[in-house]
Each structure stands twice: as structure tokens, then as C-alpha cells.
6 protein chains.
Amino acid sequence: MDPFSFLQPGKAAIFKDRFVTKVNETVIPYEEGITGDTGLIGLPFSKFSISLSQASEAPQAIRSCMSLYSTFSAERNKDYRNHKILDFGDVMTHPTSLPESLKRLYISVKEMIETNSCSRYILLGGDHGISYPSIRAFSENFGTIGIIQFDAHHDVRNLEDGGRTNGTPFRSLIEEGVVEGENLVQIGIRDFSNAEAYSDYAQEKRLSIYTMGDIERSGIIPIVEKEGDRLAEKVDVIYLSLDMDAVDQAFAPGCPAIGPGGLTSRELLSAVSAAAKHEKVRAMDIVEIDPSKDFRDMTSRLAVHAMMRFMYQ
Amino acid sequence: MDPFSFLQPGKAAIFKDRFVTKVNETVIPYEEGITGDTGLIGLPFSKFSISLSQASEAPQAIRSCMSLYSTFSAERNKDYRNHKILDFGDVMTHPTSLPESLKRLYISVKEMIETNSCSRYILLGGDHGISYPSIRAFSENFGTIGIIQFDAHHDVRNLEDGGRTNGTPFRSLIEEGVVEGENLVQIGIRDFSNAEAYSDYAQEKRLSIYTMGDIERSGIIPIVEKEGDRLAEKVDVIYLSLDMDAVDQAFAPGCPAIGPGGLTSRELLSAVSAAAKHEKVRAMDIVEIDPSKDFRDMTSRLAVHAMMRFMYQ
Amino acid sequence: MDPFSFLQPGKAAIFKDRFVTKVNETVIPYEEGITGDTGLIGLPFSKFSISLSQASEAPQAIRSCMSLYSTFSAERNKDYRNHKILDFGDVMTHPTSLPESLKRLYISVKEMIETNSCSRYILLGGDHGISYPSIRAFSENFGTIGIIQFDAHHDVRNLEDGGRTNGTPFRSLIEEGVVEGENLVQIGIRDFSNAEAYSDYAQEKRLSIYTMGDIERSGIIPIVEKEGDRLAEKVDVIYLSLDMDAVDQAFAPGCPAIGPGGLTSRELLSAVSAAAKHEKVRAMDIVEIDPSKDFRDMTSRLAVHAMMRFMYQ
Amino acid sequence: MDPFSFLQPGKAAIFKDRFVTKVNETVIPYEEGITGDTGLIGLPFSKFSISLSQASEAPQAIRSCMSLYSTFSAERNKDYRNHKILDFGDVMTHPTSLPESLKRLYISVKEMIETNSCSRYILLGGDHGISYPSIRAFSENFGTIGIIQFDAHHDVRNLEDGGRTNGTPFRSLIEEGVVEGENLVQIGIRDFSNAEAYSDYAQEKRLSIYTMGDIERSGIIPIVEKEGDRLAEKVDVIYLSLDMDAVDQAFAPGCPAIGPGGLTSRELLSAVSAAAKHEKVRAMDIVEIDPSKDFRDMTSRLAVHAMMRFMYQ
Amino acid sequence: MDPFSFLQPGKAAIFKDRFVTKVNETVIPYEEGITGDTGLIGLPFSKFSISLSQASEAPQAIRSCMSLYSTFSAERNKDYRNHKILDFGDVMTHPTSLPESLKRLYISVKEMIETNSCSRYILLGGDHGISYPSIRAFSENFGTIGIIQFDAHHDVRNLEDGGRTNGTPFRSLIEEGVVEGENLVQIGIRDFSNAEAYSDYAQEKRLSIYTMGDIERSGIIPIVEKEGDRLAEKVDVIYLSLDMDAVDQAFAPGCPAIGPGGLTSRELLSAVSAAAKHEKVRAMDIVEIDPSKDFRDMTSRLAVHAMMRFMYQ
Amino acid sequence: MDPFSFLQPGKAAIFKDRFVTKVNETVIPYEEGITGDTGLIGLPFSKFSISLSQASEAPQAIRSCMSLYSTFSAERNKDYRNHKILDFGDVMTHPTSLPESLKRLYISVKEMIETNSCSRYILLGGDHGISYPSIRAFSENFGTIGIIQFDAHHDVRNLEDGGRTNGTPFRSLIEEGVVEGENLVQIGIRDFSNAEAYSDYAQEKRLSIYTMGDIERSGIIPIVEKEGDRLAEKVDVIYLSLDMDAVDQAFAPGCPAIGPGGLTSRELLSAVSAAAKHEKVRAMDIVEIDPSKDFRDMTSRLAVHAMMRFMYQ
Ligand SMILES: [Ca+2]
Ligand SMILES: [Ca+2]
Ligand SMILES: [Ca+2]
Ligand SMILES: [Ca+2]
Ligand SMILES: [Ca+2]
Ligand SMILES: [Ca+2]
Ligand SMILES: [Ca+2]
Ligand SMILES: [Ca+2]
Ligand SMILES: [Ca+2]
Ligand SMILES: [Ca+2]
Ligand SMILES: [Ca+2]
Ligand SMILES: [Ca+2]
């Protein structure tokens, strides 16, 4: 029998409307043997960043914004309250050894996938450096991989000048043969935010590149649909990598590398919906949110909406 | 004779260009017997809010932003300097008794209407809970009422879980017969911001619901015009209820329940213009601005522009 | 066997030095039958406040600051890692009914005391209005009560003008005979922050009043020691009520009613140490911290230090 | 008869405890013929500042903080609710002509003094440049003037490099013979915040200089009392000039030129009390508060306490 | 030989990717005799502003944002790393004499132009008052001048009420015959942000005016192209004047006079590209950014993108 | 001949009073062969921090605050304008390899010392991890080393749990024999901010420990003087290590690990003066300032004052 009338020991008091299911209420910690719909893991690491970034705090910021929205889609008139999210927790990285941290991120994503518990996974960075171990793990488990990356930047910097930074993950993946260049789609590339050498590299490796100008001209949905269809025919698994700085600074003010002329929040959300339609899509990471630079967690709130567009099909 | 050269006792010094009329200069405190064009009242109450909100400070924040804009419409090449705004002041609510405060809000709106001094009224909340007493008063004085509500949320929560909160006003109005469900239009309903039970309730009560998806597809002006025309044929009076969280967080960062994927400021302003065209429109409330959460009063500035679109026809 | 190498499902990753015990690690949720040293309860309610306050968020802010400090006292060369804190959680108050919320606060404190599980209790407000139900509960269980209140204000306002606000708790307690005036000690009373009528009331009821001038002249420790000794002889139980606005705005910038000329953080902490020495002290509440107004949780950090001074004897 | 139950047209609603008098309630706009105790004038000008400063907004910020404190002194057990403050308003300065603005400030202070309506005056800057016209006006009306200046800086810069800036007022006053060097007392002079040439100038002109080191050694009250007595014997009128940057940045974070190692708020307030005791003190200005740089109006709150210490004798 | 391995005396350490050229790396201080592509000058003055503005800090804020973006245009697949920017530094204005400052701004722009070192110039304000001396200088050197002004405001206020403020530059230029009214194009004029008298003046002087409504209807690029072509036939030189408050407050939150309903960042950038295409364009000023009011230098970042659109043809 | 009247190409315009020397004006970049009084180096590295810290930005923040204060000591009536500061610049660390960065810090400090150009050195962190390579370099060049560390924390954590973090430098130095435990003085140790195991370690290694309680009892100057004298007799060189979190959060709000109950700014500054008196003192580092968390650079301003107390003897 409950000893208290209005207390739940160890718990904060949160008002509950009996008819509303908040997204966070559908999250349960993973336990051996159980299955769910979407697996959720935090990769709270941002020491790959060239400029110091607190993107490592994003997994907790995003999780806490999950209590602000509900499981009901007004657009589809459908409630996803039975969509089960399994939370694998956050990877314990190493305070001072980057190689060790890299290894831990890779192992943890792999261990998560190998539970075979969910059909899709969401990975919360961290800076973009986390995509390298994550995509490597997905590719090893699922076969040929295709990537749709939303980003203002190519992220194919050379590795000599600074080692494995948040500017290099896709270079590493290509060089190590984890992904074929032509299976990497980059959407949202921004003027004056990249270098000629890396643009040349991207072309040489036959990446599919879409700038903001391309998006203004043809709309983002046709681009995503076309590339999704193309990849779906060629690869075993599609991985979405969502660098929030693809979005304009007015709509995502909490990214380390903000700038004008980017996507609106509506464009981003409809693009994620379009991309997530393909069955071969098994994972999405969300990276480059630094909650300490954000305003009222706007960028984390946008991330939660992107998650819902991804999960709820 | 004025004893001072550059002083006006008790007054702040504000630079005045003789050819510019600021909106606040057209405001005069109501006095018995005088008439004006638009009546203005502050309903500074937000203890209906589930999460503590300082929306009660919005009437003063909005009023002070009225000094930032002028009465001249460049679009219509017309100056509204002779449009008289009568200010009824702010309702003195009770610090700790909500039922008493509710009563005071109701009585005050009623007393204002009964002065018969203006053709239209603007009511500045406060949280959305203030629309319940306000709409009740309008309906009692003017007859069958139609409502166009701009909002990300239905606001038809059950009353059992928390009493009369800022999530319940339209439920209360429907249940008590103040408004017919089919005379309530909700525009801007957002994905993952409502509950299935309340969406069902809205449908069952035959509300007219327009989601952000509807707006993306057909544009907001055709929706507002169609519904304005429909209501104008059926009701005696149309009341606009403007919950600022219908607007995207990038454009209205000062609402308690912000999120991505909402209206732009241009969409909101043109929608208010379109809605205000109908002669039967007699009132507009503006709610859910918490100045303590805003950035540079952006949301209050937007509210003032909405007021001008409403007043100046 | 643990299925993961670096993951704990459902948990955030926090670096752990094996030799450091953080205060939060000594907290365990209360369960029937267990005992501990200090009981902790959150009273997250601030709708008693005359000006809207988000002090209701303080229990969570303070709890989260408990992870920033350790159990080891360098001054006494003693580690309190075995001092067990039982967390009773936060009281679920009612969103719109103040009388109901008041009742729930009272019942919850009472239910906590009646577990007989701890020798001392810490109650985290909320605004100062929470002291009324809390002190009433303590007095009913423990007998004649003495109160040492640290506060810039008397908090003996009349009840007619606004009902039971955060300015009235001690008036209510005196009027209802819960505490004798002469058993109420007020320390830190500030110039130009009170009213003559309430000062007269305090004198008439024979409260012991110490202004900041008194503290400058004689030091705060002798005052606390003298009054602690005096009360200890007369009452069955001593209750400390710590309104953080007794502290200067430079040291406690997150209180709703900040001002200059108050206590330094060192004065406050040594005063709490001195007051807590008396065995009859059974409880301390900490009130009037509004985390939304604070800078880097400074005021909540100070609250945690006050808690440690109180608990660790 | 009042037409409304809970409305006062044109007014904000502010909770009123019938037994409390807030300082702002004792302020009345000056009208010809009336008399009061303290005259209040705003000198909202800061274009004298070398670095752009918004100190011109301080008069309104300080005035609005007057509603936060009451007229009752707990230290003296005395209520000053009958102390009448006459508000002369803010001087309308010129947007682009500094010589014209200087003239207007001078004329306005003079016109205020010549009303003969009050025994003391408080002048709210603005930057320190406003003291030059103000002191000139006082000296012309009252005779030989003595000045006690609380400041981290000498403010006796040369006029060649930048004209009449906020760094030159006391140089100008000395050079023009408005004040004798030996009748100028400077308290709070800070290390590494002045120049040798100006220190030499101050010594040559026989100013009385007290550094923070002097204050640490002997306490601020003995210094103020000694110099107040000395001046009182020599001059006709004493003018206090309170540059808030004499206070440490922790206690007055809103000054343009903040720094560590300054006065505490308690030191400042007791010093103002000590200085204001002398009957010949007729005026105090408060300068160098830039509300746009402040945190929660802390520095304006401190200014209001300084005003109360000055007015209420 | 370099004495240090990882130090460059007097320099900050900034990570350098050998393949990336940041815009700031293409800037070199002007020296006599050298030539470049774009000349850059800072006009750090904002004492023309009616409300105190710190727009004088914008030249340094914008310059520092130049290190955040690269010289490579992804849209045109072209790197502008060889486009040389000559930096003429910031004009040393006078702290207290506005006429002297005005003269210095004029002389400095003139001296810069007379070096004949660059084909185009960028002038960084300051408030809009700096356009008056700047345009005067350009007109004297280059002949008949045409102006494309992006602005929410006409800036043709009368000079009697406040002298030469940031609201008068274009009035002055017209009155003094520096520019013909019909050669002045104003784009982005906003509702309720101007006065009838000034709108009448603009019409009478035959300015080309485009409101936000015009832009919504026809798109901004056709407008800019049409007016650019028209001017190119009539004038010797075209000067772009970019008041950042033409942009919506969501995209340019750091302007003194922000408001809703303005341009998006994409609209602005494509408009600058379109305007800069004309060969007769020789100069662009960027004004009305107050970095102290901005969020994460968003508005300065947008200014840098506008600069790149202007320079890189 | 200077081609411009009011421009200095490539330079910002800063108002200059001919009689004032700002500290930054006495700084010159080191060049081979020149000598000076104090050497200055930036060690902008904070990836040793357990919680992500932007302390790496402190060297530039502190340097920029050097322009806010002058070289004249009012307390000693002495101008230090001829005291030459040689700036060695900031060490270029490696973005992702900590061992490489550690090596670079060590080599750079060593290279600086070996120039033999100055009698004293100031090293600007960075987090406290930079003291390890720095002290190692000093000890190798100057012989037996004594350290006076101002800190709330012992910083002798074990190296197993996280490698070489900002919590381990003094452990490493002791373990590797760089410093004898009895030659390490720790002042400002705070209650509940350390662990018993590390306190035991400190005692076992015979460190001299002074808590805040010790400082309250005896004053900080006697402690510093006694320990300075003791070390001076035993060691060849004394190194001051100033962790700004020894200071109370009200006076140094920009440290990562802030808390109440610490030193005031006056206590810190007088302690640095006392410590710097000893001739054997050759170096001081200043660490743990994270400018992104600070308020108005208060903590960097305090750091500059500490530097001046150290340099100007
Ligand atoms: Ca990226
Ligand atoms: Ca990116
Ligand atoms: Ca609503
Ligand atoms: Ca809503
Ligand atoms: Ca209280
Ligand atoms: Ca209080
Ligand atoms: Ca001064
Ligand atoms: Ca000063
Ligand atoms: Ca303009
Ligand atoms: Ca403008
Ligand atoms: Ca340390
Ligand atoms: Ca420390």
C-alpha cells in the first residue's frame, strides 16, 4: 500500500493530464530480452571539436525536451503512444583519452545493435565526430551503407592537421571504405562555409551534393525523395546524419557553427519525414547542438521534433 | 505659464519628432462618457497556467512596445493617428484566490463592454485561461459568438485533472454552451502538441481544425477568409483569440510553450489582417506571452503589430 | 551479467572518481521501514507569491546542485559519506486550487514526520508560504515549537489584502497559536524592506528581532548562539526557516526580492552551523529561490552548502 | 462614482498592502507653489562618455526600483512615509548637440533649485559628466561648495583629448573656480584605475584623496565623518557625488567601468548615512549606472538604498 | 630562424586547416602604393542615434566574424581566396564633438577613395548617420550617384527636431543636392514604422519605394534587378546602403529598431547578390548593428555573408 | 608621411588620453634578443577538464581586459609604465591529441624560460591541467621548487580514473618528484569540495593546507607571509598557482567550479601582493576561468588585477 498521499519518494512532481502521453513516457530503459520500436542512445562526446564545444551535454538536453511534446500526430490523426522507445543510456567516455573514447563509442553502438531489439535507432551526439564510430558499427552489422547527411559542411577535412575532428568523419568513412562516395548524399551545403579542396574531393569521390541554392530552386522534398529512392536500390541500409547547423541560425541558434541562409525548421522537418519513409532507413544521428549556447533549448526542441518525424511512420 | 524650460515634472524625457505619431500617443485613459475606436484592457493573470508563467506581465510589456511603432501604414498609405484607443487599465486580480480572480476578470470585461464606448476591443492576457471569462462576457452582450483561435493547441483539456487551467478555456465554453463547437475555428494546430482524446473531442464537437500541414498546403489567408465568411453568416459576433504560440519559436521566442514548425510572423500578420476584415469581429485577445522568457521583447513587438493589423482597417 | 561495456540503460554518463562521494550519492528514495539521518522533501509551490515566482522549481534546482559538492568536510577533517539522506520526493500540488495545495503540503509533511525515519528534516520550498503548513505539521508532532527565521522581512502581513501569501506565514502561525511570539526569532531584518505596522505587530507579539545593523555590531554567531540557547530551554523543538533573501543580492542573486546590504555567504553559513548545533533542532526549510532569475544556480549552490552545514554535525 | 469594480483606466494593476508605503508612493510631481522634503530630478544624459554608455536610462531604472522598497527604517524604528519627494521629471536633452544638452542640464538644475521647494535634492545621472553643470548650478545658488565624491577615479582628465567627457567634470570645476581643490574629497580611489599625471594634479590642487587601502586600514565611516566635519566648517553647502563604480563589481555589476577590489554595499550605505548627517549637505547625485549592462537591476536597487540613506535623516 | 616550436609571440593560437582560407586571411592593412579588390573601412560612430546605440562597436564585431567563414562559394564552385581586401582601419572619431566627428568620417572616406586602390569599397557603420558623409564623399569623387537602400525606414526626418540624427541622412543628401530623389531606391519599407509626412516627402521627391507588401507580391530579386538596371542607365555610380533592420527581428536580432514582418536572411542575401551584379556599384555600407543587443553575433554573421555576396562576383 | 588624417590601416580606433598608460600598451611581442620585466604566455588548453570547459578562451579574454586598467598604482603613488611585458603569444595546442598538447605546453614554457629575457613570468591557462607541464619546466630550469597554490581544491586526484585531468596536476608533480610535498602550500581549501582520501594524501605527503576557516580565523596575509618566508629558505624558486575558484562565486562568477564561502576579491589581491614580495617568486599561473560562463568578464578583470599585484613590486 502506498504510504503517501501526494508524494512519490525520490521523484519530482509533474502535473499529469490523464489523456495526454508525453514522448518521454514512452521511453523505457533497455533490459535484456525486451524489444521495442526505436532504440535511443546518447553519445555525449564533443572533444573531437576544433573549437571547444559543450555538445556533449546535448543528449540530456534533448531527452529533457522529450517531456514537452506528445505522441499524437495531428497531421495524421494518429497517436503513437504504443511506439516503444528503448533507452540504452549514455556512453561513458574517457575524460582525457580520445582513442579510448572513440573505441567506447564504437563498441557501445555495436552492442546496442546486436541486441536486435529495435527496428530503428536514434543516436544523440555529441559533435559530428561521433558519426564515424557509429556509422562504422552500423555498416558492419547491416551491410552496404548509404548516408543522407543534412549539413552546411562537407566534413571531409584532411586528418593531418588536427587528427580525427568533428570536421573529418565522412573523410574517414570514405578512406576506410566504410561508405562508397556515391552512397553519401549531402544536403544543405552552404556558401562560404567549405573549402575548394574539400569540394573537389567530394566531387572526385562522386558524392551527391545539394547546396542551399539547389534547395531554393527545387524544394527540399523532391531532392530527398529522389536520393532516398536511388540509395534504396543500391544499399542494404540507409543512415541519416543530421547536423543541426544545416538549419538557419534563426531556427537553430544553439549550434557551434551557426550562420544565415540555412534551412527553416519546416523544411528540415518535412525533409526528415520524407527521408524516413524508406524502409531501409535504420538509424539517424543528431549532432552539433551545444545547449550552453542555445536560447530556451530551441535547438533541442527542434531535435525532438526531428526524432518524432523519424520514429513515427 | 510653464515654470521650466526643459522639464515636465513627473515625466520621463522622450525625444519627439513633430511629424511622427507613435501608437501609444493615441491611447487615452477611458473616462465616463467618452467614446473611441478601440478599447484596450489588460487581463494580467497567469495563475491558470499549469507550469508557472509570468504571462501576467505581458499587458505592461505590450503597452510599452506601443511606443516603438507609428500609426502610419506604408502599405495603405494611410495614417491612423485619429484612431482613438481607450485604455481601461489592467484588472486588479486577487493574489491567492483563483475563483475571485476569475470573477473579477469577467466583471471587468463586462463593465468595459457595457460602456458602449468602442466598436472593437483588444484584451491583453495573461495566459489563455483569461479567454474563458472574456468570451463569456462578449457572448452575453453580443449574442451568438464565433471564435477564430490561432493556437498550436486545442485547449479543450478535461477539467478534472487540474481545474480551470490555461488548457481548458474552450472546453469550458463549449460545455457551458457559450459557443457552439461548429462556431469555433482553430488554426495552427501543431503535430505532437496535442492529445488524441482532445482531437477526438474537437471532431465530435465539430470544430473547424486547421493544422500547420493544412496551412503549408493551401496558405493561411484562404483558410481565414473562408472561415471568416462562414462564421459571419451564422453568428452575431466574431472573437479572435490569438495564442502567440501558434507562431514558430524563431519568431515568437517568448511564449511558455514554444516549438518549431509554426507560423512565420508574416503569416500571422496577414492572417490577422484577413480575419479582422469582417465587420462582425468585435474583439481580439492576445495571450501566452511571458516577457521574462522573451528576447528583446520580440514577442510583444509582434503582438503590437497584430494589434495594429486588427485595429486599423 | 552486464550486457554492456560502457552503457547503463536509462542513465546519463557521469564521470566518477572512486574516492569522491558526492552529496547526491548519499540520497536514497524513502521506502517503508527504512531509516536514515536526514529526511528531504520538496515543497514545489510558489503560487502563494504576490508577484509571480518560479520558486516552485527550486527543489529540483537544489537537488541537482547536490551533485556538485562532496561529503567531506575539510574544516573538521571528517567525511559524512555514511550520513544517509532519505528523499521523500516532491509534493504533487494542485494546478489551480490553492486551498487544496495547502492541504497537500501539510499532509505530506505530516506523513513524512510520522514515518519516524529520520532525526532531522530538510524542506525545500517553494516560496515562504510553504512554511505555514510545514511548521504547523512539525508543531503538532513535536510539541511547543521555536523558530529561528533568517529573513530580510517579518512576513507578518495582514491576511485581508491578499489571503495567505508568502508574506503572511508567521502571522498565521502566531494568530492560530501554533507558535508563541516570543519563540519566534527573526534574524537579518533589513532597512526599508518592511512596514511600521508589521514591526509594531512583531514587537507587540514579543518576537526577537535582529536587524542587519545588529549583526554588523555584534556579529551573527553570538546572536544565533544566544537565541538558540534561549529557545532550547523553552521549547520542545526548534525549526529553522531560511529565506535566502536574508543574504545580500551579490551572494544570492536568485531570490525574487533581492536587495543590497544583506548577509554575506560566509555569515549565512556560519550562522546555520551555529543554529544547527542544538539538539532540539529538527527541521530547516529553505525558501524563496527562483532558479529562473538566478545566475549559474549560485543561490541553489549556496542552499546546498546551507544544507550540509545543517545536516553534518 | 467609480464606474468600474476592479479597473482604473490607464493604470497597471499593482497589489497593495494597506499597511505598507512604498517609496514611489511618496513621490509627487512638482507643481508651482508646493513644497516637499527632497527634490528629485533626472539627468538622463551619457553622451559625455568616452565609451558609449546607456547610463541615460538610469533615471527611469532607478525610479522604477523605488517601488520595491518601503519607507520604514527597521534600524531606527521610524517610518518616513510623510517625507515628501517632489519629482521634477527628466531633463529633455538634445539628440545630437552636446553644448545644447549641457546648457539644458545646467538651466534645469538651476530652475529646480530656484523653486526653493525642498531642503535637499537628488540628481540621477547619466554619466559623471552631468555633475559639472549640476555642481555649477548648486554653487551659484548656495555659495562656497564642498564636494564628497565616491569614485574609483579622480575624473580630472585633460580637456584637450576629448572635450568635456565623463572623465573631466572635476577638472572643469576646479579650473573654472567653481570649487577649491581642498574642498573636494575623493573616496574610494582604486589602484590601476587612474594616471600619475592626474594623481599629481589632484595633489597639487590639494584634494583630499582616500584610496581603497586607506579604507581597509581605517574604515570608511571615520574618513567620511572627519571630512564632513572639516568641510562643514569651511563651505556653505556640501554636495555628494556618488559614482557607483566606487563599489566592487560584485555589488554594483551595472557600471560601465567595473572592477574588483572596491567597496561592499554595506560600506557604501553606511558611508552615505554618515555623509548625509551634516546639515550643509544639500544635494547628492548618483551616476554611472548603465541598466543595459546590469544584472536584475542590482545597481539601481543599490542606488535606491543610497537615496533612502541620504533622504531619511 | 624561428626560436619557438609552437609559439608566435604576440599572437593568439588559432587552428589552421591548410586547405581552408578564411575571409579574414585575405585582409591586409592598406599601405601606400598597394592595390586590392575591395577596400574596407570602419566608421564606428553611433552618437547620431536618437536612442543611445552601441552600433559603434559593429566594425570590430563584423571583422571578427570574418574569421568564421571561408572564401569558397559552393554555389558557384569558385574560391575567392585571391580576392584581396585592403583594410583602411577604423576612423578615429571625437568623443564629444559631433561636428568634428562628421568631418573626420567624411575626410577619411574621401582619403580612402582617393588612394584609387580598389574597385569597390565596404563601409561598416555605426548607425545610419554615417551614410551621409560617406555618400557625399562617393558622390564628389565618382559623379552622379544612385542609391539602393535596404531599410524598414525612409530616414528622411526633419533636421529641426534633433539635428543630424540616424533618421535624417537621406533627407540631408536630397536637400543638399547630393542625390536626386529619383535616384534613391528604398526597399523593405515596413508598415507602422514611418510617418505620413515623410512618406509624402518621399513621394514628392520621387523616390522609388518598395514596401514589404511589394516584396511579398513580386519577390525581391525582380525589384532589385529592375531598379538596378534603371539606375545603371542614369547615374555614374551606384551605392548600396544596407540598414540591417530591413531584415526581420528573427534573422537580425541585433539591430536597435527591430520588428516583425521583415526580410528573411535568404531574401536579403539574394537581393545583395542581385544588386551587386551591376558594374557601376562601387560601394556598400552596412549599418545599425548593435553588437551589445545581438544574440551570438547573428546579425554580424549575416553582415559578413552580405559582404561576401557583395565582393565576390 | 602618414597618408591619412584619422585612419590607421588595419587598426581599430581607440580613444587615447595622452596622460594615461593602459597595461596593454606596455606589452610588446617578444623578439629574439630583447629583454623585459615580465614574460607573458598563453596556455589556452582545457581539454584536461572533466566537465567540458572553455577555459581555453581565457588567455584572450584576460589580455583584452588589460586595456581596461592603467599602470599607475594609487596606493603606492607609483607608475609602472616602464615595466615592460614581453608577450610570447599563445601555445598552439593539438585539436585532438592530448599527449601532443601536453608536450607542446611543456616545450613552449621551457623555450620561453630559456630566452632568459625576463625576471618573472605569468602563465595564463587554460584549466589547472596546464600547471603540470609548466611547473615541470620551471623546476627543471630553476632548481628546487616551492609552490603556493590558491585553490578551493587539493587537485591530487588519482590518475587511474580519468588520466591527467585538471584535478591531478599536483599529484603528478609530487609522484614524479618535481615538488616535495612539504614545499607545496594550498590556501583556500573549501568545505565539501574535496575528498577524504585526497585530504589524507595531502597530509601524508606533508602539504601545508589552509582552509577557509583558517583564513577567517587568522587572516590571509599572515598565512601567506609565513609560508612565503618558510619556502624562501628551502627552495630555489617559488611558483604561484592561482586557481580562481579559490574566490567566492560572487566575486569570480566565471570559474567552472563555483561555490559560496570563498575569498573576497580584496582578500585575493592582498594575498597575491604578499606572496609576490619574495624575490624567489619567478612565476604565477592563473587558471580555471571560463569566459563563456562569466558575467561581464568579471573574473578576467580580477585576473588582470592579480597580474598587476604580481608584476608591480
Ligand atoms: Ca557536420
Ligand atoms: Ca556542420
Ligand atoms: Ca492556447
Ligand atoms: Ca497554445
Ligand atoms: Ca520570507
Ligand atoms: Ca524575505
Ligand atoms: Ca566618475
Ligand atoms: Ca568612476
Ligand atoms: Ca536607416
Ligand atoms: Ca532602419
Ligand atoms: Ca585547481
Ligand atoms: Ca579548484
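As annotated in an unreviewed UniProt entry, chain A carries the name Formimidoylglutamase and is attributed to Metabacillus flavus. The record held by UniProt for chain A lists under Sequence similarities (unreviewed entry) the comment "Belongs to the arginase family."

Caption draft 1: Quick look at the coordination of the calcium ion (ligand 5). Binding of the calcium ion (ligand 5) to the protein goes through C:His128 (ND1), C:Asp151 (OD), C:Asp155 (OD) and C:Asp243 (OD), at separations of 2.0 to 2.3 Å. Sequence positions of the donors to the calcium ion (ligand 5) reduce to the motif H-x22-D-x3-D-x87-D.

Caption draft 2: Expanded view of the packing of helix H7 (residues 220-234) of chain E against helix H8 (residues 265-276) of chain E. Residue and element names in this part refer to chain E. Running from amino to carboxyl end, H7 crosses H8 at an angle of 25 degrees, the nearest separation of the two axes being 9 Å. Comparing the axis directions of H7 and H8 gives the class roughly parallel. Here H7 and H8 pass one another in a crossing that is right-handed. Counted together, Ile220, Ile221, Val224 and Glu225 of H7 and Glu267, Ser270, Ala271, Ala274 and Ala275 of H8 form the full contact between these two elements. In terms of residue class, the contact of H7 with H8 is made up of 6 nonpolar, 1 polar and 2 charged.

Caption draft 3: Quick look at the interface of chain F and chain D. On the chain D side, the residues contacting the 31 residues of chain F number 43 residues. Here chain F is connected to chain D by 5 salt bridges. Viewed at the interface, chain D and chain F are joined by 24 residue pairs in polar contact (both at pLDDT 80 or more). If you list the elements that add at least two residues to the side of chain F that touches chain D, you get strand S3 (72-73), helix H8 (265-276) and helix H9 (298-311) of chain F. If you tally residues by element for the side of chain F that touches chain D, the top one is H9(F), at 6 residues. In terms of residue class, the side of chain F that touches chain D is made up of 15 nonpolar, 6 polar and 10 charged.

Caption draft 4: Expanded view of the arrangement of the chains. Across all C-alpha pairs, the smallest distance from chain A to chain D is 18 Å, and the two are not in contact. If you take every C-alpha in chain C and every C-alpha in chain E, the smallest gap between them is 18 Å, and the two do not touch.

Caption draft 5: View of the relation of the copies chain F and chain D. Structural alignment of chain F on chain D gives an RMSD of 0.0 Å, achieved by rotating through 120 degrees and translating 0.0 Å along the axis. Such values leave the two copies arranged in the relation of a three-fold axis. No C-alpha of chain F approaches the rotation axis more nearly than that of F:Ala250, which lies at 3.4 Å. In this assembly the copies use different faces: only 10% of the residues contributing to the interface of chain F also contribute to that of chain D.

Here is what the cut-offs are and how they apply
- Residues numbered from 1 in each chain as written.
- Chains lettered and ligands numbered in written order.
- Predicted model: local features only at pLDDT ≥ 70, side-chain atom pairs only at ≥ 80, totals over all residues.
- Heavy atoms only, no water.
- UniProt positions renumbered as here; feature names shortened; annotations may be inferred.
- Donors = N, O, S within 2.8 Å, 3.2 Å for Na, K, Ca; no water.
- Axes fitted to C-alpha atoms, helices over the stretch in contact; angles between N-to-C directions.
- Helix = DSSP H or I, 4+ residues; strand = E, 2+ residues; numbered from the N terminus.
- Parallel < 35°, antiparallel > 145°, perpendicular 65-115°, else oblique.
- Left-handed = near helix turned anticlockwise from the far one by under 90°.
- Contact = heavy atoms within 4.5 Å.
- Nonpolar A, V, L, I, M, F, W, Y, C, P; charged D, E, K, R; others polar.
- Salt bridge = Lys/Arg side-chain N within 4 Å of Asp/Glu carboxyl O.
- Polar contact = N/O pair within 3.5 Å; in protein donor to acceptor, adjacent residues only side chain to side chain.
- Least-squares fit on C-alpha atoms with pLDDT ≥ 70 in both.

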